[in-house]
Amino acid sequence: MVRTRFAPSPTGYLHVGGARTALFNWLFSKRERGKFILRIEDTDLERSTREYERSITESMKWLGLTWDEGPDVGGEHGPYRQSERKEKGIYDEYAEKLVGMRKAVYVVYDKDDREKELLETFEYPESYIQSGHDVTIRFKMPRRLKIEFHDLAKGDMEFSSDDVGDFIIMKSNGFPTYNFAVVVDDHLMEVTHIFRGDDHLSNTPKQIAIYRSFGWELPTFMHIPLILGRDRSPLSKRHGATAVDHFREEGYLPEGLLNYLALLGWRVVEGKEIFNVFENVEDFDTSLISNKNVIFDYEKLEWVNGKHLRMIEIENLCYRFTEYLSYLNMNDLREVVEKDKIYSMEVLNICREKVNTMKQLVDISIPFFVESYDYEERYIEDYLKKEFSTSILKRAIEKFSENEDWSVEGCERVMRNLAAEKIASKKKTFQLIRGAILGKLVTPGLFISLSVLGKGKVLRRLERTLELARSVR
RNA sequence: GCCCCCAUCGUCUAGCGGUCUAGGACACUGGCCUUUCAAGCCAGAGGCAGGGGUUCGAAUCCCCUUGGGGGCGCCA
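Everything numeric here is computed off the predicted structure, so don't read it as measured data.

Asker: Looking at this structure, how should I read the protein's contact with RNA strand B?
Answerer: Looking at RNA strand B, there are 59 residues lining it, with Lys171, Arg267, Glu273, Lys354 and Arg434 nearest. When atoms of RNA strand B within 4 Å of the protein are sorted by moiety, sugar and phosphate together comprise 73%. With respect to RNA strand B, the side chain of Ser9 contributes an N or O atom lying 3.4 Å from a sugar or linking oxygen. Listed by contribution, the elements that provide at least two residues to the surface near RNA strand B are strand 7 (155-160), helix 7 (178-188), strand 12 (294-295), helix 11 (298-311), helix 19 (426-438) and helix 20 (446-472). Sorting elements by how many residues they give to the surface near RNA strand B places helix 11 first, with five residues. Grouping the amino acids of the surface near RNA strand B by side-chain chemistry returns 19 nonpolar, 16 polar and 24 charged.

Asker: Help me out: how do you make sense of the sheet that holds strand 4 (residues 117-121) in this one?
Answerer: What links the strands of a sheet is backbone hydrogen bonding, and the strands pair in either a parallel or an antiparallel sense. An order of 4-3-5-8 is seen for the four strands of this open sheet, with the pairing classed as antiparallel. On the outer flanks of this sheet lie strand 4 and strand 8 (167-170), each paired with one strand and no other. For this sheet, the mean angle separating the axes of adjacent strands, direction not counted, is 40°. Relative to strand 8, strand 5 (residues 135-139) runs antiparallel, the two being bridged by three bridges. Each residue of the ladder has a partner; that of Ile137, found in strand 8, is Met170.

Asker: How should helix 16 (residues 377-384) be read in this particular structure?
Answerer: Because each turn of an α-helix spans 3.6 residues, side chains separated by three or four positions in sequence point in the same direction. Buried within helix 16 we find Tyr379, Ile380, Tyr383 and Leu384. For helix 16, the buried positions fall inside an angular range of 105° around the axis, keeping them on one side. Of the surrounding secondary structure, the elements contacted by the buried residues of helix 16 are helix 17 (388-402), helix 19 and helix 20.

Asker: Quick question: what am I supposed to make of the pattern of salt bridges here?
Answerer: Two side chains that carry opposite charge are able to pair once their charged atoms sit near each other. For the coordinates displayed, the defined rule picks out 40 salt bridges. For Arg39, the salt bridge goes to Asp186, with nearest N and O atoms at 2.9 Å. With Arg39 in the loop between strand 2 (35-38) and helix 2 (50-63) and Asp186 in helix 7, the pair connects residues that are 147 residues apart, well separated along the chain. For Arg39, a relative accessible area of 0% puts it in the buried group. Overall, Asp186 belongs to the buried group, its relative accessible area being 1%.

Asker: Please clarify how the nonpolar core should be interpreted in this entry.
Answerer: A general tendency of soluble globular proteins is for nonpolar side chains to be buried together. Counting residues in each nonpolar core, the largest one holds 59 residues, and the members touching the most others are Phe400, Ile433 and Leu462. Per element, the largest residue contribution to this core is ten residues, and it comes from helix 20. Residue contacts for Ile433: discarding those within four places in its chain leaves Ile392, Leu393, Ala396, Met415, Leu418, Leu446, Leu450 and Leu462. Counting 48 residues, the second-largest nonpolar core is a separate cluster that includes Ala19, Trp62, Leu63 and Val281.

Asker: What am I meant to see in the packing of aromatic side chains here?
Answerer: To describe a pair of aromatic rings, you give the distance between the ring centres and the angle between the ring planes. Scanning the entire structure with this criterion turns up 27 aromatic pairs. Consider the rings of Trp266 and Phe284, whose centres lie 5.6 Å apart with planes at 45°: the pair is tilted. On the criterion of sequence distance, the pair formed by Trp266 in the loop between helix 10 (254-263) and strand 12 and Phe284 in the loop between helix 10 and strand 12 is long-range, its members being 18 residues apart. Each member of the pair, Trp266 together with Phe284, is buried. Where Phe321 meets Phe369, the ring centres are 6.4 Å apart and the plane angle is 35°; that geometry is what we call tilted. Of the two residues, Phe321 sits in helix 12 (residues 314-327) while Phe369 sits in helix 15 (residues 358-369), which places them 48 residues apart along the sequence.

Asker: Quick question: what am I supposed to make of the environment of Glu302 here?
Answerer: Here Glu302 shows up in helix 11. Excluding residues within four positions of it along the chain, Glu302 makes contact with Tyr252, Asn356, Thr357 and Gln360.

Asker: Honestly, the packing of helix 10 against helix 11 in this entry has me stumped. Any pointers?
Answerer: To describe two helices that pack against each other, one gives the angle between their axes and the distance between the axes. Close contact between helix 10 and helix 11 brings their axes to 8 Å; oriented N to C, the two are set at 130°. Classified by the angle between their axes, helix 10 and helix 11 sit oblique to one another. Crossing handedness for the pair helix 10 and helix 11: right-handed. Along its contact with helix 10, which presents Glu255, Gly256, Leu257, Asn259, Tyr260 and Leu263, the element helix 11 presents Lys300, Leu301, Val304, Asn305 and His308. Split into classes, the residues belonging to the contact of helix 10 with helix 11 amount to five nonpolar, four polar and two charged.

Conventions and cut-offs
Residues numbered from 1 in each chain as written. Chains lettered and ligands numbered in written order. Predicted model: local features only at pLDDT ≥ 70, side-chain atom pairs only at ≥ 80, totals over all residues. Heavy atoms only, no water. Near = heavy atom within 4 Å. Polar contact = N/O pair within 3.5 Å; in protein donor to acceptor, adjacent residues only side chain to side chain. Helix = DSSP H or I, 4+ residues; strand = E, 2+ residues; numbered from the N terminus. Nonpolar A, V, L, I, M, F, W, Y, C, P; charged D, E, K, R; others polar. Pairing = 2+ DSSP bridges. Axes fitted to C-alpha atoms, helices over the stretch in contact; angles between N-to-C directions. Buried < 20%, exposed > 50% of the residue type's maximum accessible area, 1.4 Å probe, protein only. Arc of directions from axis to C-beta. Contact = heavy atoms within 4.5 Å. Salt bridge = Lys/Arg side-chain N within 4 Å of Asp/Glu carboxyl O. Core = buried A, V, L, I, M, F, W, Y, C linked by side-chain atoms within 4.5 Å. Phe/Tyr/Trp six-rings, centres within 6.5 Å; stacked < 30°, edge-to-face > 60°. Parallel < 35°, antiparallel > 145°, perpendicular 65-115°, else oblique. Left-handed = near helix turned anticlockwise from the far one by under 90°.

By themselves, these observations are geometric and do not establish any function.
The following block contains the structure:
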C-alpha cells in the first residue's frame, strides 16, 4: 500500500511551496488509493509553536488536502508529532542502536567551551552527563562509499560518502536532528514515497546511509523543483505574499490556488490548463512534473482563479461567498446575502463575470446588497455635479415608476428611451444612472443590474441619489 | 571552496534527430463587442544562453563555458 506524507515544521505559516509539496504527496496517495500522513516536525524547540501548527493544519484543511493519519486524527503509527515521539524515547532507541553497531558515537564537549570536543566514545558517557557536559550522538559516515539511489525526477543519483561526511543525529538537548528523525519516522510510519523540495536532494545521501545502516528498505524519492520569486531568488515575503492564508484572505478559491500550483511546473495535458485537482486525481502523473525551478506568477494565479470563480456552480459560489464573508468577519453582509438566496445568486452571477477573486467579488457586489453604498468620488465629480444630473434623474424616476416590465429587455427599453431624450449624451446618461443605482462607474451590465435590483430598489436609489445631486450642486 | 541539480518567448510550458519559417497559456500591444470594464472574442509582438563536437540533418545527443538554484548546522 502506498503511503505518502507531508512533514512541515511549525516554524511559520504554510506557504505556497509547502502547499505544492503537500499537494503532490496527497495527489499521489489518492491516485494509488493509499494513505496520506501528516507529521509535525517540531524538533526545533526555539522556533516551533503550536500556533503555527494550528495555522498550517487550518490552511491544509481549507485547501482540502486532508490526511488519513496525523496528530489530530491519530492512526496506527502515532504519535505524529516528533516532540511526542521524542518523549516516547523512539529516537534514543534507534540512535543507541546505531552506537551499538559502531555506526555512531557519543561526542562529549568541553563544559566551558561547548564548541570544543572532548572525546568520542561508544560507551554511554554517564559520568560526563552527570557532571553537566554536553553530549551528542554523531553518525559516522563510512569512508569511500558510493551512495546510490534513484530519484523519480533526477534519475540515478550517485554521491561519494566522503563528500557528505559525519553528522550529528542527536542534539545535546535530547532531540533528534532532522536527517535522523525523518528516516526513523518515515520507516516506522511505513512511508513508501517521498515527494519533497529539491533543497533536500543533497540531504538524501545522509538519510540513505542511515537506512542502509539499519538495513531498512528505501522509500521512493522524488525531489520536486523549488518555487522562486521574480528575481529567481527563493520565493519569500519580499516578492509578495507567500502564505496560503494570505491567498485565502485575498479571496482565492482553494481549487484555483491548487490548480495554479499544479500547473506550475507541470506539463499540460492536451492544452487543458483549467481543471479541478480533486476531479482529476487519476490524471496525476509524476512524469508530468518538470524538474526545473519555477517562478511564481501572481498574475497567472489570478487568471486561473477567475476561471474557477466563473466556472463553479452558482449555488456553490454563493455558499463559498458567505463562508468567505464570515472568514473576513463581515457578518452583517453575510446575513443579508443569506436572507434572500435567490437574489444573492442572481447578483453574484452577474458580478462574477467582472472579477477574479472573492475579494473583488465582495467589492463589486456590495452595492447590490446594502442600501447605504458609497458613491465613487469620480462619479460625484463627473456626473452628479453636472447640470444634467437632476433632470435626468427626475425623468428616470418618472419612467421607472411607470415601468412594469423589469426584464433585462424591459429595463433596456426604458434606458434607451431616456437616452433618446438627449438631456445628455447616451454615455453620460447611462453612466449617471449606473452610478445612481450602484455608486460605481464599473459594474455589471446596466440593464441586467437594473433588472436584478428590481423596481423597489431602483426607485429608492434614484430618489436617494437625486437628493444627493441637489445637495452637491 | 567542495558536492549536487537545472537551462525553449518576460513567466509557465509543447518539442523527446528531419513534420520547427519552434506550438499553446499568462502578461503585454492593437482591434472587435459596447452604456462602464477589471469579463468575452480576434490579431500582433516576443524565445531555442554561448562555444565546440556527433550527424546527410540538432531546440532535440555529447563536451566545455556561462548563468540560475540547492546542500555542506546540535535549522528543517
